[in-house]
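Next come the chains, spelled out residue by residue.
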Amino acid sequence: MNKFVKLSDKLSDVMAKISAVILGLMSILILVEIFIWNLFEKTTLIADEYSAYGLAAIIFMGAGYCLKEKSHIRITLILGFLPQKTARFITFFSTLITTVFMGYLWWYLFKMVKSTIRYDSTSGTLTNTPLWIPQAIMLVGAGCFFIQLAATTIKTWQAISSKEEVV
């Protein structure tokens, strides 16, 4: 199990690095758009659309890293009043439920990408971007987040007996 947890942590690190690259590319695209508009009063016609795709990619691909680094928002008011062991059990079950929900969400994202490929859907803008491309990036990010959630579920289960804080 520890190999799975370490693998998920490394995968989350890779996804965070890819997210950083996407953020950098989005920044360059926006700066180019501003530069071209101010000099020539022309536009790239893709800056807003591709920045939106990039934002979706960053959110999905960075979610696992955010979980690994304990940066997701948690409301711990009630857990603070409970005994440690009870709080760990509640944390385990909430993480397990979240993992199951994320698996469900991933399955429907997969079905969405599959139908987008089947029907050859495009963005409907001037770029006519095939929608399966940004959707597949979201699917990969959601899959990595699911894997990180599964690893966190394992860590929270192990924390019940080891008395270590996980999430």
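The structure this text deals with has already been given above.
Residues numbered from 1 in each chain as written. Predicted model: local features only at pLDDT ≥ 70, side-chain atom pairs only at ≥ 80, totals over all residues. Heavy atoms only, no water.

A. Region of the structure containing the pattern of salt bridges. By the definition in use, this model includes three salt bridges. One salt bridge in this structure joins Lys68 and Asp13, with 2.9 Å as the shortest N-O distance. Of this pair, Lys68 sits in helix H2 (residues 47-68) while Asp13 sits in helix H1 (residues 2-40), placing them 55 residues apart in sequence. Look at Lys68 and you get buried, because its relative accessible area is 19%. Look at the salt bridges and you will find they share partners, linking Asp13, Lys68 and Glu69 into a network. (Salt bridge = Lys/Arg side-chain N within 4 Å of Asp/Glu carboxyl O. Helix = DSSP H or I, 4+ residues; strand = E, 2+ residues; numbered from the N terminus. Buried < 20%, exposed > 50% of the residue type's maximum accessible area, 1.4 Å probe, protein only.)

B. Summary view of a nonpolar patch on the surface. A cluster of nonpolar side chains, Phe89, Phe93, Leu96, Val100 and Trp157, forms an exposed patch at the surface whose accessible area comes to about 490 Å². A per-element tally of the nonpolar patch places helix H4 (residues 84-118) first, with four residues. Look at Leu96 and you get partly exposed, because its relative accessible area is 32%. (Patch = residues over 30% accessible without salt bridge, like charges linked within 9 Å, V, L, I, M, F, W, Y side chains within 5 Å. Areas by Shrake-Rupley, 256 points an atom, 1.4 Å probe, with all protein chains shown as cover.)

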